[in-house]
Amino acid sequence: MQLGMIGLGRMGGNIVRRLMKGGHTAVVYDKSEQAVAALAADGAAGARALEDFVAKLETPRTAWVMLPAGKITEATIEALAKLMQAGDVIIDGGNTFWQDDVRRGKSLRERGIHYLDVGTSGGVWGIERGYCMMIGGEKAVVDRLDPIFACLAPGIGDIPHTPGREGRDPRIEQGYIHAGPVGAGHFVKMIHNGIEYGLMQAYAEGFDILKNANIDALPPDHRFDLDIADIAEVWRRGSVIPSWLLDLTASALAKNPTLGSYSGFVEDSGEGRWTVNAAIDEAVPAEVLTAALFARFRSRKDHTFAEKILSAMRDGFGGHKEPNATGAKPKA
């Protein structure tokens, strides 16, 4: 199948590469001519402008927008919609707020254009590991584009079957799900990221306690000079708390046990905030996720080893760099 991709950053470009490796074709557009040229060299059809991008897509067109959530995504989808026709599909694969999806889906539906929101997890490693996708939109459209999603998904790999799931949608075990109508995909991804905050914070605090187990304030016979990197590694093997986040932590500590290249300034993507707001709307207690979000706020004023652990994990799975010494955010 053919897919158009707008936004060739850390994930957009690799999504295209994974699709082409799987036998699909792609049309690509980005404000960076170098990014377009790089994908064109790999076999994609490069576009010079949005009009050129749409003209090169086969009907019914499918265009995936992979840009930062907010104004740039909103403006791009609006401009794209003016160039597309009834029956075409627009996919937002970024970290958009799900209520914006609902509003956007209604507006596009009036023009006869289909809209899918695809919460996409996989970070910079997705080209190799695949992307876990949470999809919102019309079932018929999702089913028609299944070859695209199946190619991007991780596949079942070596994860054993879950007893009792016989007869359920086989796509789930492949790593992607049609979560529900428009908005459902990004709602599920939002909660995924909120949980991620809590998991990361638990690891970070635990390693901080281990690191401080030999401080002078403790009685001499209660002090332990522990090898944090070795502990991270052994926990990966047979313990009850393994995860990809722990793998990334172990890797970072193996390279630099003090994590001296990190300051501990931890950004939040916005989805943690949205998750807490959803919990408030639903009157659901979310103590851990809320505390993890607030810990990130505090990290910007006073840094601990725990925050360095968080920074290392964010860098590991998503290539998220800390702000530079002046406090300015790095360019995407």
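Scroll up to find the structure this text is about.
Before going into details, it helps to say that this report is about the structure given with it. (Residues numbered from 1 in each chain as written. Predicted model: local features only at pLDDT ≥ 70, side-chain atom pairs only at ≥ 80, totals over all residues. Heavy atoms only, no water.)

What follows covers the side chain of Asn-193. Residue placement: Asn-193 occurs in helix 10 (residues 184-211). Of note is the side chain of Asn-193, whose polar atom sits 2.8 Å from the side chain of His-192. Each residue touching Asn-193, except ones within four places of it in the same chain, is listed here: Asn-95, Ser-269 and Glu-271. (Helix = DSSP H or I, 4+ residues; strand = E, 2+ residues; numbered from the N terminus. Polar contact = N/O pair within 3.5 Å; in protein donor to acceptor, adjacent residues only side chain to side chain. Contact = heavy atoms within 4.5 Å.)

All right, on to helix 11 (residues 228-235) then. Within the span of helix 11, buried status applies to Ile-228, Ala-229, Ile-231 and Ala-232. Taken down its axis, helix 11 places every buried residue within 165° of arc, on the same side. The N-capping residue of helix 11, defined by a side-chain oxygen 3.2 Å from the backbone nitrogen of Ala-229, is Asp-227. (Buried < 20%, exposed > 50% of the residue type's maximum accessible area, 1.4 Å probe, protein only. Arc of directions from axis to C-beta.)

Moving on to the sheet that holds strand 8 (residues 176-180). Strands sit in the order 3-2-1-4-5-6-7-8 across an open sheet of eight strands; the sheet is mixed. Single-partner strands in this sheet number two, and they are strand 3 (45-46) and strand 8. Two elements, strand 6 (residues 114-121) and strand 7 (residues 132-136), share five bridges in a ladder whose sense is antiparallel. Looking across to strand 7, one finds that Gly-119 is bridged to Met-134. Against the sheet, helix 5 (residues 98-110) makes contact with strand 5 (89-92) and strand 6, and its axis sits at roughly 150° relative to strand 6, the strand it touches most. Helix 10 contacts strand 5, strand 6, strand 7 and strand 8 of the sheet and is inclined by roughly 15° relative to strand 6. (Pairing = 2+ DSSP bridges. Axes fitted to C-alpha atoms, helices over the stretch in contact; angles between N-to-C directions.)

Distances and angles like these do not, on their own, reveal function.
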